[in-house]
Amino acid sequence: MIVSDSRPGSARANEDWVGATETGSVIVVLDGLTAPEGVGGCIHDTPWYVSRLGHHLLVSASDQEKSLRAALREAILSVSAEHDGTCDLSDPGTPSSTVAVVRVGASQVESLVLADSPVIVDLSHGINVVTDQSVETVVQAEREAALAAPAGSQEKADRMADLVRAQRLVRNTPHGYWIAGSNPDAADYGVARSWPREDVQRLAAMTDGVSCLVEVYQAMSWGELLDVARKDITGVINQVRQLEHTDPEGVRWPRYKASDDATIAYIELS
């Protein structure tokens, strides 16, 4: 069983993406990076990028003989080939995205996570969380300033632009953090995990617009989040929105956006 839900956090287009192969053997969740006004480098927007990357990754990861890192590398190269004639792909403002991909095989379940879109796996002996929080270790001053500014204010917009510019300088560099963009080497830095299929009961892949329920709001445990998803997948994002509405300016829970794009895919194995 595979169910999913994805909703924008504002009137802007949803920059998240979720998809699965017809067989359900590969599931992909992406969280595209928002580029504030004046911060860019490509004629294509973020929704275009995540849609193209997602579709290419579903195709490449369907080859069970190919590692997920190799599949992501191939997908990044495929998207780059679609716009290298019109865009300067060396510009760090080129659209980019986090990656969470799950592949269910006959004998094992695999995942690959690049940046902070986690995969949560419920095993017979406990829950595993696969994530990459390296983005939280860079440009500390700019991140703290962006979090402290009131949500929806001009100050927030200005601080977010400062943050994105600072992150661009260390994105996809040895001393920074890695994310899917135009550099296929980013695939080598994904966090890869695998488990015997017989040990996996259920799992979920999500963007940080959903994982905040546990990581930021501390409103539930990972197990409780999976329980809500199993009962009614729409209930997960409903709970996110309810909490956001109680703190519209980000006072109780400092965050980059009053309401973020939110996406989750829930998979239960028979």
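Refer to the structure presented above.
None of the values given here were measured: they were computed from a predicted structure. (Residues numbered from 1 in each chain as written. Predicted model: local features only at pLDDT ≥ 70, side-chain atom pairs only at ≥ 80, totals over all residues. Heavy atoms only, no water.)

### Here's the deal with the overall build of the chain
Cut-off, in case you're wondering: The helix and strand labels rest on DSSP assignments: H or I over at least four residues marks a helix, E over at least two residues marks a strand, and numbering proceeds from the N terminus. The globule rule used here is 2.2 Å times the number of residues to the 0.38 power, and the radius of gyration it is set against is calculated over C-alpha atoms. Burial status follows relative accessibility: with a 1.4 Å probe on protein chains alone, a residue under 20% of its type maximum counts as buried, one over 50% as exposed, and anything between as partly exposed. What makes two residues a contact is simply this: any of their non-hydrogen atoms within 4.5 Å. The accessible surface values rely on the Shrake-Rupley method and a 1.4 Å probe; as for residues, cover is taken only from the protein chains in view. This count recognises Lys and Arg as positive and Asp and Glu as negative, with His and chain-terminal groups excluded. To locate a charge, take NZ of a lysine, CZ of an arginine, CG of an aspartate or CD of a glutamate.
Within the chain one finds seven helices and 10 strands. Relative to a compact globule of 270 residues, whose C-alpha radius of gyration would be 18 Å, the chain shows 18 Å and is just as compact. Here the chain holds 270 residues, and the buried ones make up 53% of them. Considering only contacts within the chain whose residues lie at least 6 apart along the sequence, 70% involve residues at least 24 apart. A total of about 11,800 Å² of accessible surface is found on the chain, and carbon and sulfur atoms cover 50% of it. For the chain, the centre of its 22 positive side-chain charges and the centre of its 39 negative side-chain charges are spaced 2 Å apart.

### Quick notes on helix H1 (residues 46–61)
Just so we agree on the cut-off: Here the expected span of a helix is defined as 1.5 Å times the quantity of residues minus one. What qualifies as a polar contact is a pair of N or O atoms within 3.5 Å, subject to a donor-acceptor requirement within protein and to the restriction that residues adjacent in sequence count only when both atoms come from side chains.
With 16 residues, H1 extends 22 Å between its outermost C-alpha atoms, agreeing within 8% with the 22 Å of an ideal straight helix rising 1.5 Å per residue. Restricting attention to buried positions, one finds in H1 the residues Thr-46, Tyr-49, Val-50, Leu-53, Gly-54, His-56, Leu-57, Leu-58, Ser-60 and Ala-61. In this structure, the buried side of H1 is in contact with strand E2 (16–20), strand E3 (26–32), helix H2 (68–83) and strand E4 (97–104). In this structure Asp-45 caps H1, since a side-chain oxygen of it lies 3.0 Å from the backbone nitrogen of Trp-48.

### Observations concerning the sheet that holds strand E1 (residues 2–7)
Sheet strands pair by backbone hydrogen bonding; their relative direction is either parallel or antiparallel. The condition is simple: Any two strands are treated as partners once DSSP identifies two or more bridges connecting them. Angles here are taken between N-to-C directions and fall from 0 to 180 degrees, while the axes themselves are lines fitted to C-alpha atoms, restricted in helices to the stretch in contact.
With respect to topology, five strands assemble into an open sheet ordered E1-E10-E9-E6-E7, the strand pairing being antiparallel. Because the sheet does not close on itself, it has two edges, and the strands there are E1 and strand E7 (126–130). Across this sheet, the average inter-strand angle for adjacent strands is 10°, counted without regard to direction. The pairing of strand E9 (residues 200–206) with strand E10 (residues 262–268) spans five bridges and is classified as antiparallel.

### A word on the packing of aromatic side chains
Heads up, the rule is: Aromatic pairing here means that ring centres of Phe, Tyr or Trp (its six-membered ring) are within 6.5 Å. Orientation follows from the plane angle: under 30 degrees is stacked, over 60 is edge-to-face, and everything else is tilted.
One pass over the full model with this rule turns up two aromatic pairs. When the ring of Trp-178 is compared with that of Tyr-189, the centres are 4.0 Å apart and the planes differ by 5°; the resulting orientation is stacked. Here Tyr-189 lies in the loop between helix H4 (154–170) and strand E8 (191–196) and Trp-178 lies in the loop between H4 and E8, a separation of 11 residues in the sequence. Of the residues examined, Tyr-189 reaches a relative accessible area of 42% and is grouped as partly exposed. Between Tyr-217 and Trp-253, the ring centres sit 4.8 Å apart and the planes meet at 55°, which makes this aromatic pair tilted. Of this pair, Tyr-217 sits in the loop between helix H5 (208–215) and helix H6 (222–231) while Trp-253 sits in the loop between helix H7 (233–245) and E10, placing them 36 residues apart in sequence. In this structure, Tyr-217 and Trp-253 share a single accessibility class: buried.

### Description of the sheet that holds E2
Read from one edge to the other, the open sheet built from five strands follows the order E2-E3-E4-E5-E8, with strand pairing classed as antiparallel. A strand with exactly one partner marks an edge of an open sheet, and here the two such strands are E2 and E8. Pairs of neighbouring strands in the sheet enclose a mean axial angle of 10°, with direction left out of account. Across five bridges, E2 lies against E3 in antiparallel orientation. When the bridges of E3 are listed, Asp-16 appears paired with Asp-31. Contacts from H2 reach E4, strand E5 (108–114) and E8 within the one sheet, and its direction differs from that of E5 by about 45°.

### Here's the deal with the pattern of salt bridges
Should their charged atoms come close, side chains of opposite charge can pair. Spelled out, the test is: Only one rule defines a salt bridge in this text: a Lys or Arg side-chain nitrogen within 4 Å of an Asp or Glu carboxyl oxygen.
Tallied over the full model, the rule gives 16 salt bridges. Across the pair Lys-66 and Glu-74 runs a salt bridge whose closest N-O atoms are separated by 2.9 Å. Residue Glu-74 is classed as partly exposed on the basis of its relative accessible area, which comes to 35%. Of the charged contacts, one joins Glu-136 and Arg-143 as a salt bridge, the two residues approaching to 3.1 Å between their closest N and O atoms. For Glu-136, a relative accessible area of 30% corresponds to the partly exposed category.

### What to know about the packing of H5 against H7
The line we're drawing: In this scheme, roughly parallel covers angles under 35 degrees and roughly antiparallel covers those over 145, while 65 to 115 is roughly perpendicular and the rest are oblique. We call Asp, Glu, Lys and Arg charged. Ala, Val, Leu, Ile, Met, Phe, Trp, Tyr, Cys and Pro are nonpolar, and the rest, Gly among them, are polar.
Two elements in contact, H5 and H7, have axes separated by 9 Å at closest approach and are oriented at 70°. Taken together, H5 and H7 sit at an angle that is classed as roughly perpendicular. Side by side, H5 and H7 meet where Gly-209, Val-210, Cys-212 and Leu-213 of the first sit next to Val-236, Ile-237, Gln-239, Val-240 and Leu-243 of the second. Taken together, the residues of the contact of H5 with H7 sort by class into seven nonpolar, two polar and no charged.

In short, shape yes, function no, at least from these values alone.
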